[in-house]
Amino acid sequence: MNFFQIISEIEKVDPEVYDRLDSRRSVFKHMTGLGQKLTAAALPLAVGAIFNKVYAQTPVGAGVNDVLNFALKLEYLESYFYNNRTTVTGLSSQNSAALALIATDEANHVTFLRAVLGNNAIAAPATTGVFDYTAKGTFPTALTSANTYLAIAQAFEDTGVRAYKGAAPLVMTNKTVLTAALNIHSVEARHASHIRAMRRAGASSTTPAQGVPASPYTTAPKSWIVGNDGGGPVPGTTDAIYGAGNNSNAPSGITFESEANTTQGGVALSSSTITSIAFPSGSTAFSEAFDEGLDVGSVARIANLFSVTGNYFG
Amino acid sequence: MSTTPNSDLLLQEPRIEQPLYTPIKRRSFFMYAGATAGATALVLAGCSKSDSSVGMVNVGSGDAGVLNYAYALEQLEAAFYTQLRNGNYYTGLSSTSAERQILDDLYYHEVIHRDFFKTAITAAGATPIKALTPNFANVDFNSRTSVLNTAKAFEDLGVAAYNGAGQYITSSTYLYIAGKIVSVEARHAAIIRDLTSDNSFVGNDIMTITSASNSGVATNNSPANSSLERSLSPSEVVATANNFLADGSKLDVSGLR
């Protein structure tokens, strides 16, 4: 084997081969002007600056900052909620540990989004007096009863997944912001899945994953969303979390359907169209297999249920 | 860094005795190193070149390429959840057990994803890649540990793959559809991880909780303490996925960039 010949051939085909072999180099693509002297070890501190730089250099829709600040408000709503978990009674130690893991993630998301936004970030909301987790008395035991607490947690996580999904097309002109948004989106979905398992097995369970789903899903939900989730954990109040969005300002080619939607990209999904295997009669898999996004306005209306002023989220 | 790639030095096959006193460009360095670093580079260069070789399945480029990339991964997942249904682990589960119902749902979901992509790619005027032949020789379908660990690998890989490929999609419609699927994959990943070990639905192995991302995804520079999913580039994904695909079905994703 002639190594030199191979290298030469590769060079002819792909002159950037060595650049791409060095994954750290990709980081520096966004750092022109910041200097390339930064070492990999210094990167975490510099990432906020990188994002600001990218944002400043990339002509994007004026809405990107607004979208990110909206996401930041939602993360504060979640983060403060999980910080209040210590007043809840009736949780197994396993479930308390899970909530601590989620609390860390949400606090990290707040920190990250603040770094991305830099000076454009909103002021941090006060830890009291901004959010009302009882939703003006609708859930009086929001921060004391384990079952109520987990129901609200599911509502927040499922809403968060829909919010990031709906917002992704709004930031797709900035690939760095898009990738970050997607990387938060899937983490919220992991949280939602686990919270649902906790509710399925019961707040005091030590083995949430072994909870058996049962209908109605509002009391023993699957880890994914079945139809409209029966109106959510508190039907009558949480229906909008699983309902259709407002399409008046939807990006081109996008319709914010309810979670019960079974037509994707113009393809109707059912046991009549997916015939490679046999589905059980009445299978709900066709709605479960796809989550749906929501527009910012619809998410704001849901989140404002938990705003003291009723309009923190716009 | 941009040096001129087609210098005479690079085009000709150098003679050993010749170039030591010639100014060596950085990119030429590995030609002369001959040691560990150079050998590593050569191995990687070899892989890169073989991506174009006969017998691999090229997913293509552009939005159609991303859709075919997703179709390929969904084929792999669907094949896995189909095959496990014949193994002793699955058949030994009580029909009312959580694990059985979860594995049933995942089977349905992944088959739906697979068949959806085949139809959608055709509807978009593109050509779906062929039906891939999996290779699960290293999976013991009679073993709970082997099945669940493989499922965990596939689900986590799927999430990281969708997240890493989002930036290559130019159509907001397709980006939105990918988003609809990836969150379901993340829901799968979380419950499968919980089945392997309670409360492992999140973790630093898949998220930047305590350490930063070192992924090859150009736009993924997540710092430590950010709790972002560690998305993976297509080449990073197929380095794993191709281990589960038979010769003739291994993926070439060099068009996605």
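The following paragraphs examine the structure supplied in this document. Since we're looking at a predicted model, the values are computed, not measured. The written sequence of each chain sets the order in which its residues are numbered from 1. Following the order in which they are written, the chains are lettered starting with A and the ligands numbered starting with 1. Reporting in this predicted model follows two pLDDT cut-offs: at least 70 for local features of residues, and 80 or more for side-chain atom pairs to be given and counted; totals over whole chains, interfaces and linings ignore these cut-offs and use all residues. Based on all heavy atoms of the structure, the side-chain values leave hydrogens and waters out of the count.

### As for the overall build of chain A
Part 1 of the reasoning: In this description a helix means any DSSP run of H or I spanning at least four residues, a strand means any run of E spanning at least two, and both kinds are numbered starting from the N terminus. Per the secondary structure count, chain A includes 11 helices and two strands.
Part 2 of the reasoning: Ordered by position from N to C terminus, the α and β elements of chain A give α-α-α-α-α-α-α-α-α-β-β-α-α.
Part 3 of the reasoning: Three exposure classes are used, based on accessible area relative to the maximum for each residue type with a 1.4 Å probe and protein chains only: buried under 20%, partly exposed in between, and exposed over 50%. When burial is assessed residue by residue, chain A has 56% of its 314 residues classed as buried.
Part 4 of the reasoning: Sequence separation of 24 or more characterises 70% of the internal contacts of chain A that already satisfy a separation of 6 or more.
Part 5 of the reasoning: By element, 56% of the accessible surface of chain A is carried by carbon and sulfur atoms, the whole surface being about 12100 Å². Residue contacts follow a heavy-atom distance rule, with two residues in contact if any of their heavy atoms lie within 4.5 Å. Computed with a 1.4 Å probe, the accessible areas rest on the Shrake-Rupley method; for each residue, only the protein chains presented here act as cover.

### Remarks on empty space enclosed by the protein
Part 1 of the reasoning: Cavity: a set of points on a 1 Å grid over the protein atoms alone where a 1.4 Å probe fits but cannot get out. Pocket: an open set with protein on both sides within 12 Å along at least five of seven lines, its lining residues, like those of a cavity, having an atom within 4 Å of a point. Grid points are joined across faces, edges and corners, and a volume is the space filled by probe spheres set on the points. According to the stated counting rule, one finds five cavities of 30 Å³ or more in the structure shown.
Part 2 of the reasoning: By volume, the largest cavity is sized at about 170 Å³.
Part 3 of the reasoning: Lining the largest cavity we find 18 residues, and of these Val67, Leu68, Ala71, Tyr164 and Ala181 of chain A sit closest to its centre.
Part 4 of the reasoning: Considering every element that reaches the lining of the largest cavity, the biggest residue donor is helix α5 (residues 63-83) of chain A, with five residues.
Part 5 of the reasoning: Any residue outside Ala, Val, Leu, Ile, Met, Phe, Trp, Tyr, Cys, Pro, Asp, Glu, Lys and Arg is labelled polar, Gly included; the first ten of those are nonpolar and the last four are charged. Per-class residue counts for the lining of the largest cavity are 18 nonpolar, no polar and no charged.
Part 6 of the reasoning: Val66, Ala70, Tyr162, Ile169 and Ala178 of chain B are, among the 15 residues lining the second largest cavity, the residues nearest its centre.
Part 7 of the reasoning: If one sorts the elements of the lining of the second largest cavity by residue count, helix α4 (residues 62-83) of chain B sits on top with five residues.

### Description of the packing of α4 of chain B against helix α9 (residues 234-241) of chain B
Helix-helix packing is characterised by the crossing angle of the two axes and by the distance between the axes.
Residue and element names in this part refer to chain B.
Part 1 of the reasoning: Lines fitted to C-alpha atoms define the axes here, with helix axes fitted over just the stretch in contact, and angles between the N-to-C directions of these axes take values from 0 to 180 degrees. As a packed pair, α4 and α9 sit with axes 12 Å apart at the nearest point and diverge in direction by 25°. As the angle between them shows, α4 and α9 are arranged roughly parallel. With respect to the hand of their crossing, α4 and α9 are arranged in left-handed fashion. Contact residues: Tyr69, Leu73 and Leu76 in α4; Pro234, Val237, Val238 and Ala241 in α9. Throughout, the term roughly parallel applies to angles under 35 degrees, roughly antiparallel to angles over 145, roughly perpendicular to angles from 65 to 115, and oblique to all others. Note on convention: near helix rotated counterclockwise from far helix by under a right angle means a left-handed crossing. Clockwise means right-handed.

### So, the nonpolar core
Part 1 of the reasoning: Only buried residues count toward a nonpolar core. Its members are Ala, Val, Leu, Ile, Met, Phe, Trp, Tyr and Cys residues joined through side-chain atoms within 4.5 Å. Core analysis: the largest hydrophobic core is formed by 150 residues, its most contacted members being Tyr69 and Phe80 of chain B.
Part 2 of the reasoning: If we ignore the near neighbours within four places in the chain, the residues touching tyrosine 69 of chain B are Val59, Ala161, Ala165, Ser233, Pro234, Val237, Val238, Val253 and Leu256 of chain B.

So, to be careful, I would describe these as geometric facts and stop short of saying anything about function.
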